[in-house]
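Read off the chains here:
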Amino acid sequence: MTASSPLRPITPSDHAAVLRWNAENVELLAPLDQARLDELLGWSDTAAMILHDGRDAGFVLTLKAGTAYDSDNYRWFSGRHQRFAYLDRVVIDPTIRRAGLGTRVYDELEQHAALAGAPVFCLEVNVDPPNEPSLAFHRNRGYVEVGRQPAGDHLVALFEKRLA
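Structure report, in brief. (Residues numbered from 1 in each chain as written. Predicted model: local features only at pLDDT ≥ 70, side-chain atom pairs only at ≥ 80, totals over all residues. Heavy atoms only, no water.)

### Things to note about the overall build of the protein chain
To be explicit about the condition: The numbering of helices and of strands both runs from the N terminus, where a helix is a DSSP run of H or I of at least 4 residues and a strand a run of E of at least 2. Only the C-alpha atoms count toward the radius of gyration. The rule for a globule is 2.2 Å times the residue count to the power 0.38.
When its secondary structure is counted, the protein chain shows five helices and seven strands. When the helices and strands of the protein chain are read in sequence order from the N terminus, they spell out β-α-α-β-β-α-β-α-β-α-β-β. What you see for the protein chain is a C-alpha radius of gyration of 15 Å, in line with the 15 Å of a compact globule of 164 residues. Considered along the principal axes of its C-alpha atoms, the protein chain spans approximately 40 × 35 × 30 Å.

Pasting the structure below:
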């Protein structure tokens, strides 16, 4: 993370905001409590607050291959790749969406993953019910759907982007 980065590391004083943002977007994410957040932070490659105009505007968590993460989607990608980066969750304040922040965040995450030796960046997006803005964003960035699977009471599309 550089001085001009839209990301800064999550600190313990950020946990309440992360839990609140996750709860506000739980239909697009997985539930999260403090114990689970602590687990995810222990496994995360990137655990960052997203910054916009000097204020916190969201958060992001990514993981590398080889962690003990028990997500069905993460395990699906683990069965497919020995090395990868996995976007577990990202939330951007809805009042500043469509301002280019997502592009800046993904540019940095993808660059970090490539520099760390991950040849592919993996994630999932809800398709039933559909998360149309996220589907369009990822397709426009070059992510390709490589599978689908149930995730609780919805269906997700599994996406990958080759980085190298």
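Now that the structure is up, let's keep going.
### Concerning the nonpolar core
Short version of the rule: Residues enter a nonpolar core if they are buried and are Ala, Val, Leu, Ile, Met, Phe, Trp, Tyr or Cys, with the set joined through side-chain atoms within 4.5 Å. When a residue's accessible area, from a 1.4 Å probe over protein chains only, is under 20% of the maximum for its type it is buried; when over 50% it is exposed; and in between it is partly exposed. The contact rule is simple, with two residues in contact once any of their heavy atoms fall within 4.5 Å.
Ile-10, Val-18, Met-49, Phe-59, Phe-84 and Tyr-86 are the most contacted members of the largest nonpolar core, which has 25 residues in total. Breaking this core down by element, the ones donating at least two residues are helix 1 (15-24), helix 2 (34-43), strand 2 (46-52), strand 3 (55-64), helix 3 (72-78), strand 4 (85-92), strand 5 (120-128) and strand 7 (154-162). Excluding anything up to four places from it in sequence, Met-49 contacts Pro-6, Leu-7, Arg-8, Pro-9, Ile-10, Asp-14, Ala-17, Val-18, Trp-21, Asp-56, Gly-58 and Phe-59. With 23 residues, the next largest nonpolar core counts Leu-101, Leu-123, Val-127 and Tyr-143 among its residues.

### Structural notes on the sheet that holds strand 6 (residues 144-151)
In any sheet, the strands associate via hydrogen bonds between backbone groups, in a parallel or an antiparallel arrangement. Put simply, the rule is: Here, any two strands with at least 2 DSSP bridges between them count as paired. Every angle, taken between N-to-C directions, lies between 0 and 180 degrees, and every axis is a line fitted to C-alpha atoms, over only the stretch in contact when it is a helix.
Taken in spatial order, the seven strands of this open sheet run 1-2-3-4-5-7-6, and their pairing is mixed. In the strand order of this sheet, the two ends are held by strand 1 (7-9) and strand 6, each with one partner. Neighbouring strand axes in the sheet, compared pairwise and without regard to direction, differ in orientation by 30° on average. As paired strands, strand 1 and strand 2 are joined by three bridges and run antiparallel to one another. Bridged to Pro-9 within strand 2 is Ala-48. Against the sheet, helix 1 touches strand 2, strand 3 and strand 4, its axis set at about 85° to strand 3. Taken strand by strand, helix 5 (residues 132-140) contacts strand 5, strand 6 and strand 7, and its axis lies near 150° from that of strand 5.

### Focus: the side chain of Glu-110
Short version of the rule: In the analysis that follows, any N or O atom pair within 3.5 Å is treated as a polar contact, provided that within protein one partner can donate a hydrogen and the other can accept it, and provided that, for residues neighboring in sequence, both atoms belong to side chains.
Checked against the element boundaries, Glu-110 lands in helix 4 (residues 101-115). Only 3.0 Å separates the side chain of Glu-110 from the side chain of Lys-161, close enough to count as a polar contact. Residue contacts for Glu-110: discarding those within four places in its chain leaves Phe-121, Arg-141, Tyr-143, Lys-161 and Leu-163.

Spatial relationships are all this shows, so hold off on functional conclusions.
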